[in-house]
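Topology and contacts: notes
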Amino acid sequence: MIKPDRIVAASAQKNLAQASRVVAAAGAPAPGIPAIDFSSARAKEHEEHDRMANAIRALAMDAVEEAKSGHPGLPMGAADIATVLFTRFLKFDPADPAWPDRDRFVLSAGHGSMLLYAVLHLLGYETMTIEEIKRFRQLGSLTPGHPEHGHTPGVETTTGPLGQGLANAVGMAIAERHLAATFGSAVVDHFTYVLASDGDLMEGISQEAIALAGHLKLKKLVVLFDDNGISIDGPLALADSVDQVKRFEAAGWAARRIDGHDPAAIAAALEAAKKSERPSLIACRTIIGFGAPNKGGTEKAHGAALGAEEVAAARQKLGWSAPAFEIPPAIRAQWRAAGERGRPARFSWQARLAALSSEKRAAFERCILRGDLPAQALAAAVHEVKRKLAQAPKDIATRAASEFALEALTAVLPEMLGGSADLTGSNNTRTKAMAVLNAADYAGRFIHYGVREHAMAAAMNGMALHGGIIPYSGTFLVFSDYCRPAIRLAALMGLRVIHVMTHDSIGLGEDGPTHQPVEHLAALRAIPNLKVFRPCDPVETVECWQLALQSGNGPSVLALTRQNTPQLRQGFDERNRCALGAYELLAAEPSPYPPPQAREGRVEVSLFATGSEVAVAVAAKKLLAERKISARVVSVPCFELLAAAPQDKRAAIIGAARVNVAVEAGIRQGWDAIIGSAGVFVGMTGFGASAPYKDLYQKFGITPEAVAEATLARLR
């Protein structure tokens with residue numbers, strides 16, 4: 001190894017000279033960003049830290065250069081932050097990446113993924129081999145362009161869409177506080193750390209997230225802001241001039257600025273954050289692409305390989321003489337020792353877990369270690385709800401039916417943590433027994449998120465990622481647009497997150513087209529691995545809740561009505577008839593004067609519908625019967641489950657009627673997979689209007705009479 005420029009000198013004169021070399025090695029700061037005075041900071045750093053941080057920089061440069069793709073600037077600029085955090089503060093054990101009481105590290109700035117991959121490799125995570133580092137951004141590697149949870153051990157959440165990771169971390173911090181209040185700090189006591197970029201903080205979701213975290217006083221949440229003053233377009237000053245420290249302080253955070261290349265300053269700030277009674281922001285002034293003599297400090301280091309010449313020049317400036325992808329044994333040993341630092345803490349935690357009462361330990365192991373549902377208790381709760389509905393049918397809105405179901409479900413599933421985006425009374429997501437989770441009582445099971453759908457959905461992802469919680473929340477279906485980025489990421493990660501979305505059609509009435517979802521069901525159904533449930537009555541509602549809870553590998557949406565609907569399922573049926581996604585609610589009755597097709601055993605009409613429109617289809621069936629037309633009614637509460645059903649069962653449900661008709665107060669998109677391109681669709685073709693809902697159904701022709709007429713026209 002060549003002695004690096006960043007080594008403590010013996011005298012003040014040498015320190016000043018060295019500081020000049022450091023600035024030269026890093027590249028000039030971006031225009032409009034004050035230069036950092038390294039003279040005293042560099043004098044305090046140690047050679048060991050420098051070389052360990054440079055190992056991150058070298059691996060990042062090498063991997064991005066090999067791939068000819070990636071973002072070297074952040075890993076090089078934030079290497080000092082990561083080195084201090086992972087070697088001195090973060091509680092973890094590479095031998096058990098899923099240890100429940102580990103500290104969480106969220107790389108919200110997911111484009112800087114090589115920072116995390118380099119650290120995981122250096123710390124000794126078994127699967128993160130040097131071969132995987134060499135395969136950065138290649139098909140099938142454990143080092144994709146952005147970190148992917150469930151794909152790479154050690155990655156806490158999938159990041160890349162900026163701001164999402166920060167809001168995930170808020171959810172993780174909520175989960176930590178709630179579970180500590182539930183099981184005790186002896187077994188739940190950890191921090192959540194975030195490395196965020198200026199892009200994370202510019203995204204609107206960040207304001208929602210930091211405001212919620214400040215309000216809840218999540219003191220175990222620490223955000224390290226990589227304040228490098230550079231964006232893809234150039235200096236950050238082109239587009240932003242926010243004082244982030246003041247912004248966070250206004251939201252109730254403890255906030256400070258430090259030199260992000262000074263390990264002593266980083267450590268002092270982290271020590272202070274651990275003692276704070278509020279969430280903490282540490283704005284770390286760094287130089288993007290630190291060490292690159294020509295591209296460092298500029299947008300040229302942000303999102304592209306540095307190039308062979310610049311990499312060679314950076315290695316020289318940093319004093320890194322090891323060949324590409326090679327870590328000198330002494331430096332590797334230092335990193336591996338840091339990786340083993342948390343093992344005693346894990347062993348001690350295991351002993352504390354074993355010391356819990358048998359009941360509490362069993363609950364902890366079920367909810368947190370395994371994530372299992374109490375299958376018998378859940379089945380019994382659903383059974384009891386359906387029994388009550390059979391004895392006393394309810395003609396109520398499905399949002400009210402959802403609340404009725406939740407009273408039973410939340411009683412047997414203590415891991416369910418509910419909430420609403422300032423629409424509690426409209427979404428019906430808070431049961432009578434649910435206390436509010438707030439800064440004074442983290443044991444509560446209901447969160448008032450405020451008007452913050454973006455952060456609510458992303459925080460729910462964080463809770464699910466943390467483990468031990470099944471998060472659900474409520475808003476209006478039209479506002480699923482605000483939740484969509486987080487829902488998509490939940491689907492990508494396979495998280496059990498449940499979104500209760502009420503006011504699901506023009507049926508909400510007078511609030512008008514701004515609030516009436518038209519395209520939203522189709523848009524949500526287009527997301528892979530997302531189940532969209534639209535139950536027609538109270539019985540289907542509890543069945544859909546059961547299926548959503550049992551869906552452990554993906555999120556669910558329950559689209560529920562504002563207006564009352566009749567209970568169409570009469571009597572008691574032990575089966576969950578929604579489990580295949582659709583089922584024949586009413587069979588066709590043979591006409592006394594059947595046409596030739598009917599004599600051959602072929603049903604004339606299949607009426608398919610979802611939600612409140614199933615009742616419309618049922619009424620249309622009666623009108624058709626008066627015209628001697630044989631029709632069946634099929635309820636389709638979940639397209640995705642129907643599509644996943646075995647082919648023979650799916651074919652039997654869809655049937656082979658002469659005419660297929662679909663009825664839904666939304667757009668046609670997606671229905672052709674069920675009714676075929678020749679099928680008849682009765683629904684919406686544009687936006688709604690402001691009026692009482694019954695008038696709207698008449699205006700837009702979603703009525704039994706319209707369905708019957710459209711069917712007869714096709715039969716002629």
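Conventions adopted
- Residues numbered from 1 in each chain as written.
- Predicted model: local features only at pLDDT ≥ 70, side-chain atom pairs only at ≥ 80, totals over all residues.
- Heavy atoms only, no water.
- Helix = DSSP H or I, 4+ residues; strand = E, 2+ residues; numbered from the N terminus.
- Rg over C-alpha atoms; globule rule 2.2 N^0.38 Å.
- Buried < 20%, exposed > 50% of the residue type's maximum accessible area, 1.4 Å probe, protein only.
- 1 Å grid on protein atoms, 1.4 Å probe; cavity = no way out; pocket = protein on both sides within 12 Å on 5 of 7 lines; lining within 4 Å.
- Points joined across faces, edges and corners; volume = space filled by probe spheres on them.
- Nonpolar A, V, L, I, M, F, W, Y, C, P; charged D, E, K, R; others polar.
- Phe/Tyr/Trp six-rings, centres within 6.5 Å; stacked < 30°, edge-to-face > 60°.
- Lys NZ or Arg CZ within 6 Å of the ring centre and 35° of its normal.
- Expected span 1.5 Å × (residues − 1).
- Bend = angle between axes of the 7 residues up to and from the residue.
- Contact = heavy atoms within 4.5 Å.
- pLDDT = per-residue confidence, 0-100.
- Polar contact = N/O pair within 3.5 Å; in protein donor to acceptor, adjacent residues only side chain to side chain.
- Axes fitted to C-alpha atoms, helices over the stretch in contact; angles between N-to-C directions.
- Parallel < 35°, antiparallel > 145°, perpendicular 65-115°, else oblique.
- Left-handed = near helix turned anticlockwise from the far one by under 90°.
- Pairing = 2+ DSSP bridges.
- Right-handed = clockwise from strand over helix to strand, strands pointing away.
- Salt bridge = Lys/Arg side-chain N within 4 Å of Asp/Glu carboxyl O.

Okay, the overall build of the chain next. Scanning the chain from N- to C-terminus turns up 30 helices and 18 strands. In terms of overall size, the chain behaves like a compact globule, its C-alpha atoms giving a radius of gyration of 29 Å where 716 residues would be expected to give roughly 27 Å. Principal-axis analysis of the C-alpha atoms places the extent of the chain at approximately 105 × 55 × 45 Å. Per-residue burial for the chain yields a buried fraction of 60% across its 716 residues.

Another aspect to go through is the layout of surface pockets. The computed volume of the largest pocket comes to approximately 670 Å³. Elements with a minimum of two residues in the lining of the largest pocket: α16 (358–370) and α20 (453–466). A per-class count over the lining of the largest pocket returns 14 nonpolar, 11 polar and 7 charged.

Let us look at the packing of aromatic side chains. Evaluated as defined, the whole model comprises 14 aromatic pairs. Ring centres of Tyr472 and Trp545 lie 5.6 Å apart, and the angle between their planes is 85°; this geometry places the pair in the edge-to-face category. Pair noted here: Tyr472 is in strand β10 (residues 470–476) and Trp545 is in helix α23 (residues 538–550), with a separation of 73 residues, a long-range link. Above the ring of Phe404, the side-chain terminus of Lys394 is found at 4.9 Å from the ring centroid.

With that settled, consider helix α18 (residues 398–412). Since there are 3.6 residues in each turn of an α-helix, residues three or four apart along the chain are aligned in direction. With 15 residues, α18 should reach 21 Å at 1.5 Å per residue; the first-to-last C-alpha distance of 21 Å fits that figure. Of all the bends in α18, the largest measures some 30° and sits at Leu406. Taken as a whole, α18 has its buried residues at Thr398, Arg399, Ala401, Ser402, Ala405, Leu406, Leu409 and Thr410. On the buried face of α18, the contacting elements are α17 (375–391), β8 (416–420), α19 (424–427), β10, β11 (498–502) and α23.

A separate point is the confidence of the model for the chain. When pLDDT is averaged across the chain, the result is 93; 92% of the residues are at 70 or more. Averaged pLDDT values over the elements of the chain bottom out at 34 in helix α1 (residues 12–26) and peak at 99 in strand β3 (residues 221–227). Contacts of residues 1–38 to residues separated by more than four positions or lying in other chains number 90 contacts, the stretch itself having pLDDT below 50.

Right, let's talk about the side chain of Glu176 for a bit. If you trace the backbone, Glu176 turns up in helix α8 (residues 164–183). Judged by its relative accessible area of 1%, Glu176 is buried. There is a polar contact of 2.7 Å between the side chain of Glu176 and the side chain of Arg177. Residues contacting Glu176, with those up to four places away along its chain left out, are Val188, Asp189, His190, Lys220 and His466.

Here we come to the packing of helix α3 (residues 47–67) against helix α6 (residues 113–123). At their nearest, the axes of α3 and α6 sit 9 Å apart, and the two run at 120° to each other. Looking at the two axes, α3 sits oblique to α6. In terms of crossing hand, the pair formed by α3 and α6 is right-handed. Note on element contacts: α6 touches α3 through Met114, Leu115, Ala118, Val119, His121 and Leu122, opposite Ala55, Ile56, Leu59, Ala60, Ala63 and Val64. Across the contact of α3 with α6, the residue classes tally to 11 nonpolar, 1 polar and no charged.

Our next topic: the packing of α3 against helix α5 (residues 79–89). At a minimum axis separation of 9 Å, α3 and α5 run at an interaxial angle of 115°. Classified by the angle their axes make, α3 and α5 are roughly perpendicular. In terms of crossing hand, the pair formed by α3 and α5 is right-handed. Between α3 and α5, the contacting residues are His49, Met52, Ala53, Ile56 and Arg57 on the first element and Ala79, Asp80, Ala82, Thr83, Val84 and Thr87 on the second. Of the residues contributing to the contact of α3 with α5, the split by class is 6 nonpolar, 3 polar and 2 charged.

Right, let's get into the environment of Pro153. For Pro153, the location among the structural elements is in the loop between α7 (130–134) and α8. The spacing of Pro153 and Met128 is 25 residues in sequence and 8.1 Å in space, taken between C-alpha atoms. Excluding anything up to four places from it in sequence, Pro153 contacts Pro97, Leu120, Tyr125 and Thr127.

Pairing analysis gives 6 bridges linking strand β6 (residues 254–259) to strand β7 (residues 280–285), with the strands arranged parallel. Opposite Arg256, over in β7, you have Ile282 as the bridge partner. Taking the sense of rotation as the criterion, the β-α-β connection linking β6, helix α12 (residues 263–275) and β7 turns out right-handed.

Attention shifts here to empty space enclosed by the protein. All chains considered together, the criterion is met by 4 cavities of 30 Å³ or more. Within this model, the largest cavity holds a volume of roughly 120 Å³. Contributing to the lining of the largest cavity are 14 residues, with Phe92, Asp103, Tyr125, Gly154 and Glu156 lying nearest its centre. Partitioning the lining of the largest cavity into residue classes produces 8 nonpolar, 1 polar and 5 charged.

What follows deals with the environment of Arg445. Relative to the assigned elements, Arg445 resides in the loop between α19 and β9 (446–448). Note: C-alpha distance between Arg445 and Ala401 (44 residues apart in sequence) is 20 Å. Dropping the residues within four chain positions of it, Arg445 is found in contact with His178, Thr410, Leu413, Pro414, Met416, Leu417, Gly418, Met434, Ala435 and Leu437. In this structure the side chain of Arg445 is engaged in a polar contact, spanning 3.4 Å, whose partner is the backbone oxygen of Pro414. A distance of 3.2 Å separates a polar side-chain atom of Arg445 from the backbone oxygen of Met416.

The subject of this paragraph is the pattern of salt bridges. According to the stated counting rule, one finds 30 salt bridges in the structure shown. For Glu176, the salt bridge identified is with Lys220, shortest N-O distance 4.0 Å. Here Glu176 is found in helix α8, whereas its partner Lys220 is found in the loop between α10 (204–216) and β3, with 44 residues between them in sequence. One exposure class covers both Glu176 and Lys220, and it is buried. Linked through salt bridges whose partners overlap, the residues forming this network are Asp93, Asp96, Arg343 and Arg346.

On to unusual backbone geometry, then. With a phi angle near 65°, Asp422 is a residue other than glycine that sits in the positive phi range. On the secondary structure map, Asp422 appears in the loop between β8 and α19. Even without being a glycine, Asn529 presents a positive backbone phi close to 65°. Positionally, Asn529 belongs in the loop between α22 (520–525) and β12 (531–533). We classify Asn529 as partly exposed; its relative accessible area is 38%.

In spatial order, the strands read β1-β2-β3-β7-β6; together these 5 strands make up an open sheet with parallel pairing. Looking along the sheet, the strands with just one partner apiece sit at the ends: β1 (104–107) and β6. Going across the sheet, the axis of each strand differs from the next one's by a mean of 20°, ignoring polarity. Where β1 lies against strand β2 (residues 192–196), 4 bridges are found, and the strand directions are parallel. Counterpart to Phe105 in the pairing with β2 is Tyr193.

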